[in-house]
Amino acid sequence: RTALYNWLFARHHGGTFVLRIEDTDRSRSTDESVQAIIDTLRWLGLDWDEGPEVGGAFGPYRQTERLELYREAGDRLIAAGNAYRCYCTPDELEERRKAALARGDPPGYDGRCRNLSDEERRRFEEEGRPFAIRFATPGRDVTVEDVIRGPSTFPASDIRDFVILRSDGTPTYLLAAAVDDHRMEMTHVIRGEDLHSSTPRQVLLLEALGAERIPGYAHLPLIVGPDRHPLSKRHGAVAVETFRDEGFLPEALVNYLALLGWSYDDHTELFTEQDLVEHFDLGRVARNPAAFDREKLEWMNGHYLREMDP
């Protein structure tokens, strides 16, 4: 649904729809899973103007092929005083987290390595201690203007220094997405509301990277099951490939997914692809969670089946 809303928004405004594969977490992303994304989007009819198999001016579009760009960004941030090496071990971080909770303080990085002396840094380097790169937050509130949710202000006390490059040199989502949004000249980022809380950190990163314009963010409501809990496998099939294999038509699935959080009016439910492109507007996306109703999807699929040539 997130891809569909991005696609509809781009097509409605005559913009550019970009498919970017964020695959730096190798435990969750495999070549097979990436190919499944590509195959699923093509089956649904969601073509992209820039991305894998298509190319574009800002490629490559797989983040694992852009690692040098993220390391260069980390070096620039350190040189500008916007980031620093953090030598804290996982055990030390966990111990300090537990101590903060025991004191009744909110957990979060305490800035220990931000204020190391030159001698302390030299000692850690001589030990060969691994280090991550942390962003040095400026200590000010950040207001995020969200197209769907409106403005939200995040207090400085909630935005602690955060890791942007892991000790193995791979970027975190926060850095990779910020670097790519900047370099790829993204104007809008439409994504799930679970990423809303990460937005102030990305805004700070974009500013530190020299971005002249911050993308417009739009965070979509969650999809929930009939029990109002986030949609999961316990509610039945949730993967597009499964619905495809069960005989659902792409037209039906696109039509149904579009209505999970968006509506044109109070009574129209059947939309062709061109209808959706013509009418789609982020201003009509709801803020409340959207309930997935399999019976309604089956009814809609039946309609499109009956419309087909025998």
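Structure first, text after, so check above.
Residues numbered from 1 in each chain as written. Predicted model: local features only at pLDDT ≥ 70, side-chain atom pairs only at ≥ 80, totals over all residues. Heavy atoms only, no water.

Caption draft 1: Just the state of the cysteines, in detail. Tallied over the entire structure, the rule returns zero disulfides. Take Cys 86: it sits in no disulfide, and the sulfur closest to it among the cysteines is that of Cys 88, at 3.8 Å. In this structure Cys 113 is not part of a disulfide, and its nearest cysteine sulfur, from Cys 88, lies 3.6 Å away. (Disulfide = S-S within 2.5 Å.)

Caption draft 2: Spotlight on the sheet that holds strand 1 (residues 83–86). Within the open sheet, the three strands sit side by side as 1-2-5. Their pairing is antiparallel. For this open sheet the edge positions go to strand 1 and strand 5 (162–165), each flanked by a neighbour on one side alone. Averaged over neighbouring strand pairs, the angle between their axes works out to 45° when direction is ignored. Examined bridge by bridge, strand 2 (residues 132–135) and strand 5 share three bridges and lie antiparallel to one another. Bridged to Ile 133 within strand 5 is Leu 165. (Pairing = 2+ DSSP bridges. Helix = DSSP H or I, 4+ residues; strand = E, 2+ residues; numbered from the N terminus. Axes fitted to C-alpha atoms, helices over the stretch in contact; angles between N-to-C directions.)

Caption draft 3: Region of interest: the environment of Val 224. Here Val 224 lies in strand 8 (residues 223–224). Using a relative accessible area of 3% as the deciding quantity, one classes Val 224 as buried. Once residues lying within four places of it in the same chain are set aside, the contact partners of Val 224 are His 229, Pro 230, Leu 231, Pro 289, Ala 290, Ala 291 and Phe 292. (Buried < 20%, exposed > 50% of the residue type's maximum accessible area, 1.4 Å probe, protein only. Contact = heavy atoms within 4.5 Å.)

Caption draft 4: Region of the structure containing helix 7 (residues 199–208). Within helix 7, eight of the ten residues are buried, leaving the element largely enclosed by the surrounding structure. When we look at burial in helix 7, the residues that qualify are Thr 199, Pro 200, Arg 201, Gln 202, Val 203, Leu 204, Leu 205 and Leu 206. Phi turns positive, to about 90°, at Gly 210, one or two residues after helix 7.

Caption draft 5: View of helix 2 (residues 31–44). With 14 residues, helix 2 extends 20 Å between its outermost C-alpha atoms, agreeing within 8% with the 20 Å of an ideal straight helix rising 1.5 Å per residue. Those residues of helix 2 that fall on the buried side of the exposure criterion are Val 34, Ile 38, Thr 40, Leu 41 and Leu 44. In a view along the axis of helix 2, the buried residues occupy a sector of 165°, so they form one face of it. On its buried face, helix 2 is in contact with helix 1 (2–12), helix 8 (240–245) and helix 9 (250–258). Of the residues one or two after helix 2, Gly 45 is the one with positive phi, at around 90°. (Expected span 1.5 Å × (residues − 1). Arc of directions from axis to C-beta.)

Caption draft 6: Representation of the nonpolar core in the model. With 44 residues, the main nonpolar core has Leu 4, Tyr 5, Trp 262, Phe 280 and Val 285 as its most contacted residues. Elements with a minimum of two residues in this core: helix 1, helix 2, strand 7 (216–220), helix 8, helix 9, helix 10 (273–279) and helix 11 (294–307). Excluding anything up to four places from it in sequence, Trp 262 contacts Tyr 5, Phe 271, Leu 276, His 279, Phe 280, Asp 281, Arg 284 and Val 285. Core analysis: the next-biggest nonpolar cluster, separate from the first, contains 26 residues, Leu 77, Ala 176, Val 189 and Leu 204 among them. (Core = buried A, V, L, I, M, F, W, Y, C linked by side-chain atoms within 4.5 Å.)

Caption draft 7: View of the packing of helix 9 against helix 11. Contact geometry for helix 9 and helix 11: axes closest at 9 Å, N-to-C directions at 135°. What the angle tells us is that helix 9 and helix 11 run oblique. When you trace helix 9 past helix 11, the crossing you get is right-handed. Counted together, Glu 251, Ala 252, Leu 253, Asn 255 and Tyr 256 of helix 9 and Lys 296, Leu 297, Met 300, Asn 301 and Tyr 304 of helix 11 form the full contact between these two elements. (Parallel < 35°, antiparallel > 145°, perpendicular 65-115°, else oblique. Left-handed = near helix turned anticlockwise from the far one by under 90°.)

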